[in-house]
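# Reading the structure
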Amino acid sequence: AELAFILTISHVGNTADLNETRETHVVNNSCRALMAFKRLRLTDFVVPKVLPNMKETKLTKLVKDFDMMGKWEATSWAKKIATKKQKASMDDFGRFKAMLAKQKRNAAIKQKVAELSK
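Residues numbered from 1 in each chain as written. Predicted model: local features only at pLDDT ≥ 70, side-chain atom pairs only at ≥ 80, totals over all residues. Heavy atoms only, no water.

## As for the overall build of the chain
Broken down by element type, the chain carries four helices and five strands. Its helices and strands taken in sequence order, the chain reads β-β-β-β-β-α-α-α-α from the N to the C terminus. Considering the chain as a whole, with its 118 residues, one finds that 28% of them fall into the buried category. If you take every contact in the chain between residues at least 6 apart in sequence, the share linking residues at least 24 apart comes to 46%. Entry remark: accessible area of the chain is about 8800 Å², with carbon and sulfur atoms responsible for 58%. (Helix = DSSP H or I, 4+ residues; strand = E, 2+ residues; numbered from the N terminus. Buried < 20%, exposed > 50% of the residue type's maximum accessible area, 1.4 Å probe, protein only. Contact = heavy atoms within 4.5 Å. Areas by Shrake-Rupley, 256 points an atom, 1.4 Å probe, with all protein chains shown as cover.)

What follows is the structure in structure tokens.
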């Protein structure tokens with residue numbers, strides 16, 4: 001089984017296990033569904049010992065034993081998605097604090113560049 005990232009509206013942001021070319025298993029929501037490949041983005045993670053038409057309980061156990069979700073969350077792709085979700089859920093004060101932190105960081109960088117250029 002190969003890990004894929006789902007882009008469809010109903011499952012956006014979830015990860016899926018590709019068990020066959022015509023069938024996917026959504027790991028986070030635990031539902032079996034047919035999905036078009038244009039709605040999936042494949043990753044490099046492959047779970048060994050997955051057979052076609054494997055029961056969902058066994059598939060979920062294999063995914064947990066392989067620690068696929070932990071490996072997925074350690075990738076830069078997953079971290080980028082998590083950062084986007086966090087930024088989207090920020091309130092006005094959170095955005096203001098982020099702006100001030102960015103200004104402070106940029107001022108420190110500008111000062112260090114000025115010191116080094118002398």
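Following the structure, the description resumes.
## Observations concerning a nonpolar patch on the surface
Taken together, the side chains of Phe-93, Phe-96, Met-99 and Leu-100 define a hydrophobic patch exposed on the protein surface, amounting to about 390 Å² of accessible area. Residue classification places Leu-100 among the partly exposed positions, given a relative accessible area of 40%. (Patch = residues over 30% accessible without salt bridge, like charges linked within 9 Å, V, L, I, M, F, W, Y side chains within 5 Å. Salt bridge = Lys/Arg side-chain N within 4 Å of Asp/Glu carboxyl O.)

## Here's the deal with the nonpolar core
With 10 residues, the main nonpolar core is built from Phe-45, Val-47, Val-50, Met-54, Leu-59, Val-63, Met-68, Trp-72, Ala-78 and Ile-81. The set of elements that each furnish at least two residues to this core consists of α1 (56-66), α2 (68-73) and α3 (76-88). (Core = buried A, V, L, I, M, F, W, Y, C linked by side-chain atoms within 4.5 Å.)

## What to know about unusual backbone geometry
The residue Asp-67 is not glycine, and still its phi comes out positive at about 55 degrees. Relative to the assigned elements, Asp-67 resides in the loop between α1 and α2. The exposure class assigned to Asp-67 is partly exposed, which follows from its relative accessible area of 43%.

## Observations concerning the confidence of the model for the chain
Model confidence for the chain is summarised by a mean pLDDT of 78, while 69% of its residues fall at 70 or above. Taken element by element, the predicted model of the chain shows its lowest mean pLDDT in strand β3 (residues 23-26) (51) and its highest in helix α4 (residues 92-117) (96). (pLDDT = per-residue confidence, 0-100.)

## Examining the pattern of salt bridges
A complete count under the given rule lists two salt bridges for this structure. Between Asp-65 and Lys-61 there is a salt bridge; the shortest N-O distance is 3.0 Å. Placement of the pair is Asp-65 and Lys-61 together in helix α1, with a separation of four residues, close to one helical turn. Here Asp-65 falls in the exposed class, since its relative accessible area comes to 55%. With relative accessibility at 53%, the residue Lys-61 sits in the exposed group. Two residues, Arg-95 and Asp-92, come together in a salt bridge whose shortest N-O distance is 3.9 Å.

## Examining the side chain of Thr-75
Tracing the backbone shows Thr-75 in the loop between α2 and α3. Under the relative-accessibility criterion, Thr-75 is labelled buried at 19%. A distance of 3.3 Å separates a polar side-chain atom of Thr-75 from the backbone nitrogen of Ala-78. (Polar contact = N/O pair within 3.5 Å; in protein donor to acceptor, adjacent residues only side chain to side chain.)

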